[in-house]
Amino acid sequence: MHPLLEKLAEARKLSLEEWSRLLACHRELLHEAGEAARAVCVENFGHSVFYRGIIEFSNHCKNGCRYCGLQAENSQRTRMRLTESEILDACREGFSNGVMTFVLQSGEDAYYTDERLVPLLRHIREEFPDCAVTLSIGERGSESLKSLFAAGARRYLLRHETANPLLYRDLHGARQSFWERIHCLYTLKAIGYQTGCGMMIGVPGQKLSDIALDLQFIQAFRPEMLGIGPFIPNSQTEFAGCSPGDAELTLYVMSLCRLLLPRVLLPATTALRTLIPEGLARALLHGCNVVMPSLTPGPMKNNYKLYDKSTEQRTLATTLEEFQAEIRPMGYSLVRRRGDFSPDKEGES
Ligand code: SAH
């Protein structure tokens, strides 16, 4: 094995300069890193793949992330919210198909106060006591995050987006703060959430040196979950004409993250699966162990587009069958488990 990959697998810690050197060799080392990451993943999770049902419940957003189709500036988007009963129906559909984790995702929507979210979370936890709820609803203050935790949310996804404060400013403008986002991530961890950070690969303006900073941040933060996907342009944003991120580089970075954090929950992101056929199978071969099919009902699905993608309206049952058919020949299978983070094999849920 390449000495730096070996060092990463053993020490689980590299200097910024070493991360940069590894990234510079991404083409040559893609296969080797993938094999090593896959072996580490199999050692820790066997051939099991966890699946989470994602419910995109509001596309209202106050933020102005330049890459994202939900940005407040996008006036072409029809804005909508699911009602509480629509969200619960989506959970029911998921549960009847074996989903044990519901991921509630939205733009940063002030309508969803704690007064609205707390009863919803309680209701989900009462009706599905064996299931986990993950929130992906943007930055909130620590009191709010504590209330949502007390109401039963145990996991939270908040990508850091980039660990370079200058690139962060360029992508988000002055009304969002890099340091507030990082602070929010540390608050989530301190409260006790299983916390996910992450970034896009190939977002306009990003260099390999920025990804090296991301890896260094991930190494320091030690997230329990990690979302890494290629940037895909959205035709309703100013990045409409930009090229998508490199799928191979995305797979390579996923592999490095698996070697860095052997127990991390690492999804084959929807963006990667959108960009390349067999994205799920290839992601598993590079160290991923989670997939997040959509539970979002039709009308919202058509209007919840972070990036351009077709919205074929397959049922969850069909989607899960397709996933199984894609991964079964490789010896993998979807497993009906909550799949919480656990630091070692013995404690795995
Ligand atoms: N409002 C929530 C959820 C954001 S959407 C939050 O702030 O966390 C989830 C993720 O989609 C984002 O964190 C971003 O990394 C990703 N995303 C947004 N636009 C994208 C695009 N054009 N291509 C690929 N991924 C994108």
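Residues numbered from 1 in each chain as written. Predicted model: local features only at pLDDT ≥ 70, side-chain atom pairs only at ≥ 80, totals over all residues. Heavy atoms only, no water.

A. Quick peek at the packing of helix 3 (residues 26-45) against helix 10 (residues 247-260). For the pair helix 3 and helix 10, the least separation of the axes is 8 Å and the interaxial angle reads 45°. As summarised for this structure, helix 3 and helix 10 are arranged oblique, according to the angle between their axes. At the point where helix 3 passes helix 10, the crossing takes the left-handed sense. Along its contact with helix 3, which presents H26, L29, L30, A33, G34, A36, A37, V40, C41 and F45, the element helix 10 presents E248, L249, L251, Y252, S255, R258 and L259. (Axes fitted to C-alpha atoms, helices over the stretch in contact; angles between N-to-C directions. Helix = DSSP H or I, 4+ residues; strand = E, 2+ residues; numbered from the N terminus. Parallel < 35°, antiparallel > 145°, perpendicular 65-115°, else oblique. Left-handed = near helix turned anticlockwise from the far one by under 90°. Contact = heavy atoms within 4.5 Å.)

B. Representation of the pattern of salt bridges in the model. As enumerated under the stated definition, the model contains 18 salt bridges in all. The partner of R66 in a salt bridge is E238, with the nearest N and O atoms 2.9 Å apart. Placement of the pair is R66 in the loop between strand 2 (53-58) and helix 4 (84-96) and E238 in the loop between strand 7 (225-230) and helix 10, with a sequence separation of 172 residues. With its nearest N and O atoms 2.0 Å apart, the salt bridge here joins R314 to E322. Taken together, the salt bridges that share partners define one network made up of R66, D170 and E238. (Salt bridge = Lys/Arg side-chain N within 4 Å of Asp/Glu carboxyl O.)

C. Structural context of the side chain of H26. Of note, H26 is situated in helix 3. Using a relative accessible area of 10% as the deciding quantity, one classes H26 as buried. When neighbours within four sequence positions are excluded, H26 is seen to be in contact with L208, L249 and Y252. (Buried < 20%, exposed > 50% of the residue type's maximum accessible area, 1.4 Å probe, protein only.)

D. How the structure looks around unusual backbone geometry. One non-glycine residue, E161, adopts positive backbone phi at about 75°. Within the secondary structure, E161 is located in the loop between strand 5 (155-157) and helix 7 (165-172). With relative accessibility at 12%, the residue E161 sits in the buried group.

E. The sheet that holds strand 5, seen in detail. The six strands lie next to each other as 2-3-4-5-6-7, forming an open sheet whose pairing is parallel. This sheet does not close on itself; its edge strands, each paired only once, are strand 2 and strand 7. The sheet shows a mean angle of 20° between the axes of neighbouring strands, taken without regard to direction. Sheet topology note: the strand 6 (residues 194-201)/strand 7 ladder contains six bridges and is parallel. The residue of strand 7 that forms the bridge with C197 is L226. Most of the contacts of helix 4 go to strand 2, to which it runs at about 170°, and overall it touches strand 2 and strand 3 (101-106). Lying on the sheet, helix 8 (residues 178-191) is in contact with strand 5 and strand 6; it crosses strand 6 at an angle near 150°. (Pairing = 2+ DSSP bridges.)

F. Layout of the packing of helix 6 (residues 142-150) against helix 8. Relative orientation of the contacting elements helix 6 and helix 8 amounts to 35°, with a least axis distance of 10 Å. The handedness of the crossing between helix 6 and helix 8 is right-handed. Across from S142, L145, K146 and F149 in helix 6, the residues of helix 8 making contact are C184, T187, L188 and I191. Of the residues in the contact of helix 6 with helix 8, the class split is five nonpolar, two polar and one charged. (Nonpolar A, V, L, I, M, F, W, Y, C, P; charged D, E, K, R; others polar.)

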